[in-house]
Amino acid sequence: MYGVKSKFPNLPEEISGLGELAYNLWWSWHPQGRELFKSLSRTGWYLSGHNPVRMLHQLSEEALDAASKDPHFLRHYKAVMIRFQNQMDPKTGWFCNNVADPGVGTLAYFSAEYGLHHALPFYAGGLGFLAGDFLKECSDLGVPVVGVGFMYPQGYLRQRITPDGWQAGACELVDRENAPIRRLLDDKGEPVVVNVSIGKETVYLEVWKVEVGRTSLYLIDTCTEHNTPENSCVTDRLYAGDPESRLRQEMVLGIGGIRALSTLGIKYSVLHLNEGHPAFAVLERARDMMAGGLSAKEAFEQVRRTTVFTTHTPVPAGHDIFPHSLMKRYFSHYLPSVGIEMEAFLELGQNPANPGGFNMTAFAMRCSAHHNCVSKRHLEVTRKMWRHLWPDLSEDKIPLDYVTNGVHVPTWIDRRLGDVIFTKYLGRDWLDEHDNPAVWGMIDDIPDQVLWRHHCAMKRMLINKIRDRARHLWLDRERADPSLLMSSGLLLDPSALTLGFARRFASYKRPTLILSDIERLKRMVNDTWRPVQIIFAGKAHPDDQQSKMILQRVFNAAREPAFGGRIAFVEDYDEQVAQYLVHGVDVWLNNPRPPMEASGTSGMKATLNGVPHLSILDGWWIEGYNGSNGWAFNGALGGESDLLDAKAIYDMIEGEVIPLYYDVDEEGIPHGWVNVMKEAMKMTGPNFSARRMVKEYTEKFYRAAISAAVSRPTGERGWSRELGLDPFRGI
Ligand SMILES: *Cc1c(COP(=O)(O)O)cnc(C)c1O
């Protein structure tokens, strides 16, 4: 048996449940949970960075003792604990009532990153948040899932900008003792160790557990004393740069992840690969099935019928390709154990349109019978990109489907908006029924001034937060620099129309597009009566010099006196900064180069909170835009497209956005604008929630995969028929 240890020796018996609660991220999306910790100590909550594990470690014995004797706190504690325990029951929820017994349908979900909370910095961007939101929603719906990923001891980059605008920053070591994460121990209290062969060597893995409501996330970690120094750094940080390190990472994630599940005795019937990084998991899973008596051919077919693969990007750099020489070096020892010859294996990873390496997406597509894209538009693009994998099928017959991404509503909705305004106007059960369009129809009943006052309060909170950071910068002797201070948003004005642009700084997302016509932009931001301001945030990948240069251009605009302090760059974009921004800006700006943004999710977080989207028609916005819930334009084609797209944005801002925003009644309420806000919210809840997404995955894929899992392989729907390829021809 394996377990975890509670680590709060100071916690009095009467409130010992706080220990379990602190280690379950349930509190991160249930305000009652957060309130309970906050009521224990408001200062402690603030000083711990809203992390209850750290807070319980920091609070004095006296403070905890006092709470355990305070009748008011005890009542509150009991009420929250009962609610928490009721919601942990695995035998309740939508999945149990509608799909399958949770004992039959367990799903193993593999992802290289997870964005769950800022205390766990194991993400780079949207892919991670999608995975995090997915787990939380599975918990809410009772979908039995175990997540598998990496414990990155160095987390992800803490961004620091130098006064000349260069992203310096360093990876900060994750404070394991104080994060809501625990090492799995065996019955002797020793760390569980899983071993996995990588090439000719054995790599040892430890396993950490994160509890995400009813679901568990297992994070594997190579940083243990059993490993050689070289092997111990495999999981050091997200997305290692060179192909060999990357291959080793992906072998550890895929093969090591499956081995970890078997070592822990976790049974699952369906495997879901979130992007190609963990795709080697199919090999180890087939090996497990062969150990259970299936032939290699049967095992691979069974794996294929029960595997779901989601591809997330048309950007070429998002698809790992490994040189054959490397693959041979790392897999020649492994392949005999799964009954595949090297040549056939390399063929499984061959992209016919671009042969010459082992392509993880091609491999994952071939090894899964259920595969999907993340928006309707992305499906069209992906069909074209990968049609060579199905040489005998016409494009419209290619067995690819789509499930548009969605965001976890309880995580991304502002608490005051949800608890106070929605509860009053949409009804007490609005959150339980938030994928029901009828609930959102009642948004129209919210009086304009109520919504507008709420929004203005959120905007003030955002700007106060930004100024507070500026103040801390000024207080920090080493960093107190006028350029940094000016660019950090010190002069932002809560009454000016505020655009937000926050996401990873990748060149296809074109962060500098809005800066294309400096003169026109200056006129807009410096308008005396109807000014515009822009808040930027985002990180460049630490190895990506080009993106760092883009970031520098944005920073230079932010400190440029001619913009009058109306352009700001907020350092260290993370989950917490994202929450402030998607709640508090007026417009969410999105202008990637089409068709590169497969879906995008930050815009959904904004529209959920009544922040309209101004976006190029790409990704999810093609499905979301209806003419009255935001603004949209078609991307231009050809060499001038950047200039033309920028012009389209300026025209729209000047011609539509500014006039609507500043058209207010005598009480200062812009009714036309509030109407766009309402339309934006009405569209988001039912269509772009993680709830809709998880249900759709279940209906489109999991049901079929679960029934395949409980039947024997038939030999009918094989590789050869669909793919014109037979990796077992030699057998
Ligand atoms: C939602 C989110 C993202 C994804 O944003 P996109 O605009 O979809 O790329 C990235 N980072 C953080 C911190 C987020 O919250």
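Residues numbered from 1 in each chain as written. Predicted model: local features only at pLDDT ≥ 70, side-chain atom pairs only at ≥ 80, totals over all residues. Heavy atoms only, no water.

A few words on the sheet that holds strand β18 (residues 587-590). Read across the open sheet, the 6 strands follow the order β17-β16-β15-β18-β19-β20; overall the sheet is parallel. Two strands lie at the open edges of the sheet, namely β17 (567-570) and β20 (630-633), each paired on one side alone. Along the sheet, successive strands turn relative to each other by an average axial angle of 20°, direction set aside. In terms of strand pairing, strand β19 (residues 613-616) meets β20 through 4 bridges, oriented parallel. In the strand pairing of β20, S615 is matched with A632. (Pairing = 2+ DSSP bridges. Helix = DSSP H or I, 4+ residues; strand = E, 2+ residues; numbered from the N terminus. Axes fitted to C-alpha atoms, helices over the stretch in contact; angles between N-to-C directions.)

With the rule as written, the count across this model stands at 33 aromatic pairs. Centroid distance F422 to W430: 4.9 Å. Interplanar angle 90°. Geometry classified as edge-to-face. Site record: aromatic cluster; members linked through ring pairs are Y109, Y114, F134, Y697, F701 and Y702. It is K605 that lies over the ring of F129; its NZ or CZ is 4.7 Å from the centre. Lying over the aromatic face of W412, K605 brings its terminal NZ or CZ to 4.1 Å of the ring centre. (Phe/Tyr/Trp six-rings, centres within 6.5 Å; stacked < 30°, edge-to-face > 60°. Lys NZ or Arg CZ within 6 Å of the ring centre and 35° of its normal.)

What follows covers the environment of M360. Assignment of secondary structure puts M360 in helix α16 (residues 360-366). The class for M360 is buried, based on a relative accessible area of 1%. The spatial distance from the C-alpha of M360 to the C-alpha of F322 is 8.1 Å, given a sequence separation of 38 residues. Other than its neighbours up to four places away in sequence, M360 contacts E250, G276, H277, A279, F280, D320 and F322. (Buried < 20%, exposed > 50% of the residue type's maximum accessible area, 1.4 Å probe, protein only. Contact = heavy atoms within 4.5 Å.)

To continue, consider the domain arrangement of the chain. Split by domain assignment, the chain resolves into domain 1 (13-86), domain 2 (94-405 + 694-723) and domain 3 (414-688). If you average the C-alpha positions of domain 1 and of domain 3, the two centres end up 34 Å apart. (Domains from an automatic or database assignment.)

There is a patch of like negative charges on the surface, built from E13, E14, E61, E62 and D65. Relative to the assigned elements, E13 resides in the segment before α1 (17-22). (Patch = residues over 30% accessible without salt bridge, like charges linked within 9 Å, V, L, I, M, F, W, Y side chains within 5 Å. Areas by Shrake-Rupley, 256 points an atom, 1.4 Å probe, with all protein chains shown as cover. Salt bridge = Lys/Arg side-chain N within 4 Å of Asp/Glu carboxyl O. Lys, Arg positive; Asp, Glu negative; His and termini not counted. Charge placed at Lys NZ, Arg CZ, Asp CG, Glu CD.)

Among the 6 residues that make up strand β16 (residues 532-537), 6 are buried, leaving the element largely enclosed by the rest of the structure. Judged by which residues are buried, β16 turns out to be covered on both faces: V532, I534 and F536 on one side and Q533, I535 and A537 on the other are all buried. Two elements, strand β15 (residues 497-502) and β16, share 6 bridges in a ladder whose sense is parallel. By the bridge assignment, F501 is partnered in β16 with F536.

Under the counting rule described, the total for this entry stands at 1 cavity of 30 Å³ or more. If you add up the space inside the largest cavity, you get close to 50 Å³. A112, F150, Y152, Y239, R246, Q249, E250, L253 and H277 are the residues that line the largest cavity. Tallied by class, the residues present in the lining of the largest cavity amount to 5 nonpolar, 2 polar and 2 charged. (1 Å grid on protein atoms, 1.4 Å probe; cavity = no way out; pocket = protein on both sides within 12 Å on 5 of 7 lines; lining within 4 Å. Points joined across faces, edges and corners; volume = space filled by probe spheres on them. Nonpolar A, V, L, I, M, F, W, Y, C, P; charged D, E, K, R; others polar.)

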